[in-house]
Amino acid sequence: MTPVPVTTIGGYLGAGKTTLVNGLLAGDHGLRIGVLVNDFGAISIDEKLIVSRDDDVVTLANGCACCSVAGDLAVALDRFAGRADRYEQIVIEASGVADPGRIAALAGSPGLSRGATVVVADAATVRARARDKFVGPLVRRQLSAADLVVLTKIDLADPTGLEQARTFAAAQAPGARLIEVLQGRVDAGHLFAGGTSRRRGLPACTSAEAAPASALFDSHHWSSDAPVDIEALRAVVAGLPEGVVRVKGILAMRSGGHVALHRAGEVVSLDPLDGAPDTTGAEVVVIGRAGALDRTQLDGAFRACLLQNRTQS
């Protein structure tokens, strides 16, 4: 039986990995793809934001991918290898705080073959992130693992900034291919072409190696079965302090349906969410630098957005 190639998609928080995976799953490429979704936070919001959810999406345990879910990932890959007749391609969506090169090294199970390591980078913010004294080393390490760099959000970068992002990515990942995408739209052939990683020598990560990344960040999960005032919550999220690096959420609308809430850097967005998440009110995960999250303050600000509280006030 031909081994199933495993492609790892990594990149810093908010770069657009989940959007890329959504586009891939919705694409007309004819491939049967198994997706392993890993999220950093109290709940796996990323899995709920995957539009196409069925048996082809497997949610792993919470936490840093290189540490607390490494065992689950190996087991999941073994499971997929045992069902190689069902999948033609396996994709791992790595956590935004993980080293994708180390995760890719786990794809050594019999029945699998290590494919390309794809690193997604926000063209408008990647250089600033790489200069940050807290997360810069992580961002640069992620890029250095890439066989393919995917520059996203190119519409948010001016021409000079976009050219600088190209030059920076090429310098951080010498020899890697580079493509630019809008709204996560990418030809599957670009992600799966070539197949072989340039960095096969990297060993799989260990808990000791993962500790620095997990120590950099903390997360907080808030949820409610009752609906929220979506615009009020958006304003609260937009006003969160600089130490907050990522917010993800699923919000139920009074009119029916759901929206996905995102904050990446200073950009906050609300996007219609297809499918039928089981959220009846709101689920929000806030990721911030270690020590930067005031959980009591966050809970109070979010509770104030509940429709029942705003009506009473």
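All values derive from a computational prediction rather than experimental measurement.

A few words on the overall build of the protein chain. On a plain count of helices and strands, the protein chain comes out with twelve helices and twelve strands. In the protein chain, of all internal contacts separated by at least 6 residues, the share reaching a separation of at least 24 is 75%. Total accessible area computed for the protein chain in this model is approximately 13,200 Å², and 50% of it derives from carbon and sulfur atoms.

Moving on, we get to the pattern of salt bridges. Following the criterion strictly, the structure yields six salt bridges and no others. Residues D132 and R289 are paired through a salt bridge, measuring 2.4 Å at the closest nitrogen-oxygen approach. One end of the pair, D132, is in the loop between α5 (126-131) and α6 (136-144); the other, R289, is in strand β12 (residues 282-289), with 157 residues separating them in the sequence. With respect to class, D132 is no different from R289; both count as buried. Three or more residues joined by partner-sharing salt bridges are found here, namely E163, R166 and E180.

A separate point is the sheet that holds strand β9 (residues 244-252). With antiparallel pairing, five strands are arranged side by side in an open sheet as β8-β12-β9-β10-β11. In this open sheet, the two edge strands, each paired with only one partner strand, are β8 (217-224) and β11 (267-273). Adjacent strand axes in the sheet meet at a mean angle of 10° when their direction is disregarded. By the bridge criterion, seven bridges tie β9 to β12 in an arrangement that is antiparallel.

The next point concerns the packing of aromatic side chains. One pass over the full model with this rule turns up one aromatic pair. On the numbers, 5.4 Å between centres and 50° between planes, the contact of W222 with F302 is tilted. Within this pair, whereas W222 is found in strand β8, its partner F302 is found in helix α11 (residues 295-303), the two being separated by 80 residues in sequence. No difference in accessibility class separates W222 from F302, as the two residues are buried.

What follows concerns α6. Residues of α6 that are buried: G136, L138, V139, Q142 and L143. Looking straight down α6, one finds its buried side chains confined to an arc of 165°; they lie on one side.

Let us now look at the environment of I250. When you line up the elements, I250 lands in strand β9. Judged by its relative accessible area of 0%, I250 falls in the buried class. Residues I250 and V285, 35 residues apart in the sequence, show an inter-C-alpha distance of 9.3 Å.

With that out of the way, let us pick up the environment of R141. Turning to its location among the elements, R141 is positioned in helix α6. R141 sits in the partly exposed class, given a relative accessible area of 36%. Along the backbone, R141 and A130 are eleven residues apart, and their C-alpha atoms lie at a distance of 9.5 Å.

Where a protein is soluble and globular, its nonpolar side chains tend to be buried together. Counting 26 residues, the largest nonpolar core has Y12, L143 and F217 as the members making the most contacts within it. For this core, the elements supplying multiple residues, two or more each, are β5 (112-122), α5, α6, β6 (148-152), α7 (159-172) and β12. For this core, the element with the highest residue contribution is α7, accounting for four residues. Dropping the residues within four chain positions of it, L143 is found in contact with V119, A121, V126, V149, F168, Q172 and A173. Residues L233, L261, A282 and V284 belong to the second largest nonpolar core, which totals 23 residues.

The rules behind each value
Residues numbered from 1 in each chain as written. Predicted model: local features only at pLDDT ≥ 70, side-chain atom pairs only at ≥ 80, totals over all residues. Heavy atoms only, no water. Helix = DSSP H or I, 4+ residues; strand = E, 2+ residues; numbered from the N terminus. Contact = heavy atoms within 4.5 Å. Areas by Shrake-Rupley, 256 points an atom, 1.4 Å probe, with all protein chains shown as cover. Salt bridge = Lys/Arg side-chain N within 4 Å of Asp/Glu carboxyl O. Buried < 20%, exposed > 50% of the residue type's maximum accessible area, 1.4 Å probe, protein only. Pairing = 2+ DSSP bridges. Axes fitted to C-alpha atoms, helices over the stretch in contact; angles between N-to-C directions. Phe/Tyr/Trp six-rings, centres within 6.5 Å; stacked < 30°, edge-to-face > 60°. Arc of directions from axis to C-beta. Core = buried A, V, L, I, M, F, W, Y, C linked by side-chain atoms within 4.5 Å.

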